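# A look at the structure
If you want the building blocks of each chain, they are given just below.
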Amino acid sequence: MIKKNMIKNFTKAIATILDNGDRLVEDACYLSEYERFPTAYALCILAQEEYAKAFLLYLISEEAIPWTQELRRMLHNHTCKQLLSLIIDFLEPDDLVSWLDKRKNENYVMPSHIVDVINILRHEKLPKQEQWAWIGDEDPPYNQLARKVADGIVDKQKQDAIYVRLGKDGSVASTPLRITEAMVNELLEKTQRFSQFFFRSDSKFKPIESIDYMKIFWMFRLLFGLCTIEEYEKQWWV
């Protein structure tokens, strides 16, 4: 059980993090207008990481994830925040109509990459926690998107937007100047969607509690040992 003073701390921290994310997005917009596309691109990824960090703190404050030393390290782990960004991207879609249409299908299931993100966060990023079963049939998960993000592809893209990368023979392998206006515009649109993930009102912050969000919430609780399998299975959507 998280103490009330901790909840106040989390609420203030979430507000500060969201404001900082918004600032990074604004800076990215300004830099894009001046055609400083590589730096704008990197700032977008940093902003997404801030929104993901706020989401992680919210899950902790709602006791979907425990507040432990290992979890505190996750707040500083770039790939962990980039994995959480995949969940935000799923819950805050760019095409709401298509997103809703898919849920009308009686055979609709949670996308595999979202389930795999939860599994990877729980079993790979926090190996010291008590062991629980994987969600799904595969052990370990093999969704390509989740696997690439966990292995650092987004972090590499962020680094390549800032630094010149050299090859093994000393030649230039990548330069930030490869970042185009189109790439920045696409990432900016996505990052601005992330900024709308939290409903903000009267110093309160919470995502829209859709069915998918509640499924993800309870998956985290189950895998982190904050509910029993029986409690999980009592949820009406199981």
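Higher on the page you've got the structure.
Overview of the structure. Just so it is clear, the structure is predicted and the values come from calculations on it, not from any experiment.

### A look at the nonpolar core
Judged by nonpolar contacts, the single largest core of 72 residues is most densely connected at Phe-55, Ile-65, Ile-87, Ile-216 and Phe-220. When residues of this core are traced back to their parent elements, those giving at least two are α1 (4–33), α2 (37–61), α3 (69–74), α4 (78–91), α6 (112–123), α7 (144–150), α9 (181–195) and α10 (211–223). A per-element tally of this core places α2 first, with 17 residues.

### Here we look at the packing of aromatic side chains
Note on aromatic pairs: each is described by the distance of the centres and the angle between the planes. With the rule as written, the count across this model stands at seven aromatic pairs. Geometrically, the ring pair formed by Phe-10 and Trp-67 is edge-to-face, given 5.1 Å between the ring centres and 75° between the ring planes. In this pair, Phe-10 is assigned in helix α1 and Trp-67 in the loop between α2 and α3, connecting sequence segments 57 residues apart. Note on Trp-67: relative accessible area 30%, which makes it partly exposed. Between Phe-220 and Phe-224, the ring centres sit 6.3 Å apart and the planes meet at 25°, which makes this aromatic pair stacked. Each member of the pair, Phe-220 as well as Phe-224, carries the same accessibility label: buried. Across the ring face of Trp-67, the terminal group of Arg-72 is positioned such that the distance to the ring centre comes to 5.3 Å. Stacked on the ring of Phe-224, the Lys or Arg Arg-122 has its end atom at 5.4 Å from the ring centre.

So, how was this worked out
Residues numbered from 1 in each chain as written. Predicted model: local features only at pLDDT ≥ 70, side-chain atom pairs only at ≥ 80, totals over all residues. Heavy atoms only, no water. Core = buried A, V, L, I, M, F, W, Y, C linked by side-chain atoms within 4.5 Å. Buried < 20%, exposed > 50% of the residue type's maximum accessible area, 1.4 Å probe, protein only. Helix = DSSP H or I, 4+ residues; strand = E, 2+ residues; numbered from the N terminus. Phe/Tyr/Trp six-rings, centres within 6.5 Å; stacked < 30°, edge-to-face > 60°. Lys NZ or Arg CZ within 6 Å of the ring centre and 35° of its normal.

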